[in-house]
Amino acid sequence: MGYVNGLKCRECGKEYPKEPLHVCSFCFGPLEVDYDYEGIKKVINREVIQSRSNTMWRYKELLPIDGEPTVGSQVGFTPLVKANNLAKILGVEELYVKNDSVNYPTFSFKDRVVSTALSKAKEFGYKIVGCATTGNLGNSVAAQAAQACLESYIIMPADLEQGKIIGTLIYNPNVIKVTGNYDQVNRLCSEIADKYGWAIVNVNIRPYYGEGSKTFGYEIMEQLGWKVPKHIVVPMAGGSLITKIGKAIKEFVQLGLIDGADTKLHGAQASGSSPITTAVKGKTDVIRPVKPNTIAQSIAIGNPADGFYSVKSINVSGGWAEDVTDDELVEGIKLLARTEGIFTETAGGVTVAVTKKLIEQGKIPRDESIVISITGNGLKTQEAVINKLYEPKIINPSLAEFDKVMEEKMAAVR
Ligand SMILES: *Cc1c(COP(=O)(O)O)cnc(C)c1O
Ligand SMILES: [Zn+2]
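No experiment lies behind these values; they were computed from the predicted model shown. (Residues numbered from 1 in each chain as written. Chains lettered and ligands numbered in written order. Predicted model: local features only at pLDDT ≥ 70, side-chain atom pairs only at ≥ 80, totals over all residues. Heavy atoms only, no water.)

Engineer: I would appreciate a short explanation of the environment of Met-221 in the present structure.
Structural biologist: Considering the arrangement of structural elements, one finds Met-221 in helix H9 (residues 214-223). Here Met-221 falls in the buried class, since its relative accessible area comes to 1%. For the pair Met-221 and Ile-249, spaced 28 residues apart in sequence, the C-alpha separation works out to 8.0 Å. The contact partners of Met-221, leaving out residues within four places of it in the chain, are Trp-226, Lys-227, Val-228, Ala-248, Ile-249, Phe-252 and Ile-258. (Helix = DSSP H or I, 4+ residues; strand = E, 2+ residues; numbered from the N terminus. Buried < 20%, exposed > 50% of the residue type's maximum accessible area, 1.4 Å probe, protein only. Contact = heavy atoms within 4.5 Å.)

Here it is as structure tokens:
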């Protein structure tokens, strides 16, 4: 029946039953899922996990549902790619890309949190689900709700990229566009959750939703042969993913699945929306909300819900944080594509460009192992690169004209 003890306040430690709650009624701290690790230790080990299906649910004891997953049972276990070509360009010895741009079913890491949240929402008996989204979350909630026969409401800023909007509308959810930024959408969704009693995945069932992100970290460790890398670079929006990767590593150590961990977590943001990297670089844990202005819309959150905890996770690990301009992130997208054949979205461009910066700064030594977290797919944010690529030649279907193109090419080389 699952290994969840209940929920626990991250601030004061007060315990709550496993219900759709998300804030502590005493101190207003966020609630977190609390597990029976002794019980889990008795039933899982490396062999048991390896014998299971290649999905994120191979770690089901560490996920907050009671029975079997009913939504998104095929999500996760995406490739961890040894990125030798990119390593050469960046001048480092051991580099990997964890590639959630090919996650199922909607090509981003959000499929992980959504399968967890919707499986839990079904256990709670909800019939209507929803989310506040910067794009990818809406895609995944709409798709997985369709598959699970749940009605869904996707609330988004009106100016998202076309690929993100179409990638939601196609599943026929209820879409509401809001004239405002994500932080305003999020505030509205808190009020909607209170008034309508729906399961808004990243608001009122957020403690369960966030746990799905841990599987990104579990997979990195298992795919490295039950080891941790020295460095993981992670894009940050609300700051949930980086915090949960930290939790994943801690849990694997606690369960004896890995021998120990000394991984530095590094956070990545776009300079136009960088409240978390600004705090880390300023050596404070006080997050000053900003008004986002960047093409990296999927991570453009000015008032991050887990900002404080992501600063803490970074500092405890001994990692650092950096941000890059929109031009740099576009270069990051193009660099990953031409070296590794992986087309990532703007958030991935940020992560690649920040990794490059951290290596140049010496924050990531060139002889230590590095994992770059690629969290979304470039086909959804084509606006970012459409004017940054070369214009192909157009010819008539004649070999003579093709020969001419080749002659010009050879002349240019000489
Ligand atoms: C949502 C998102 C993130 C970051 O998520 P948080 O957990 O809110 O920090 C990173 N990359 C992509 C592509 C996303 O959609
Ligand atoms: Zn509390």
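Engineer: Please explain the packing of H9 against helix H10 (residues 240-254) as it appears in this structure.
Structural biologist: Each pair of packed helices can be described by the angle between their axes along with the distance between the axes. At a closest axis distance of 7 Å, the pairing of H9 and H10 adopts a crossing angle of 50°. Relative to H10, H9 is oriented oblique. As H9 packs across H10, the resulting crossing turns out to be right-handed. Residues Lys-214, Phe-216, Gly-217, Tyr-218 and Met-221 of H9 lie in contact with H10, whose contacting residues are Leu-241, Lys-244, Ile-245, Lys-247, Ala-248, Ile-249, Glu-251 and Phe-252. (Axes fitted to C-alpha atoms, helices over the stretch in contact; angles between N-to-C directions. Parallel < 35°, antiparallel > 145°, perpendicular 65-115°, else oblique. Left-handed = near helix turned anticlockwise from the far one by under 90°.)

Engineer: Mind showing me how you'd approach the coordination of the zinc ion (ligand 2) here?
Structural biologist: Ideal values differ by geometry: the angle at a metal is 109.5 degrees with four tetrahedral donors, but 90 or 180 degrees with six octahedral donors. Taken together, the protein donors to the zinc ion (ligand 2) comprise Cys-9 (SG), Cys-12 (SG), Cys-24 (SG) and Cys-27 (SG), at separations of 2.2 to 2.4 Å. Coordination at the zinc ion (ligand 2) comes from four donor atoms whose angles at the metal span 97 to 119°, giving a geometry best classed as tetrahedral. Along the chain, the residues donating to the zinc ion (ligand 2) fall in the pattern C-x2-C-x11-C-x2-C. Of this pair, Cys-9 sits in strand E1 (residues 4-9) while Cys-27 sits in the loop between strand E2 (15-16) and strand E3 (31-35), and the two are 18 residues apart along the sequence. (Donors = N, O, S within 2.8 Å, 3.2 Å for Na, K, Ca; no water. Tetrahedral: all angles 85-135°; square planar, octahedral: opposite > 155°, others 65-115°.)

Engineer: Help me understand the environment of Ala-347, please; the structure alone is not making it clear to me.
Structural biologist: Note on placement: Ala-347 falls in helix H14 (residues 346-361). C-alpha separation for the pair Ala-347 and Val-129, spaced 218 residues apart in sequence, amounts to 26 Å. Setting aside residues no more than four positions away along its own chain, Ala-347 makes contact with Pro-235, Ser-298, Ile-299 and Thr-375.

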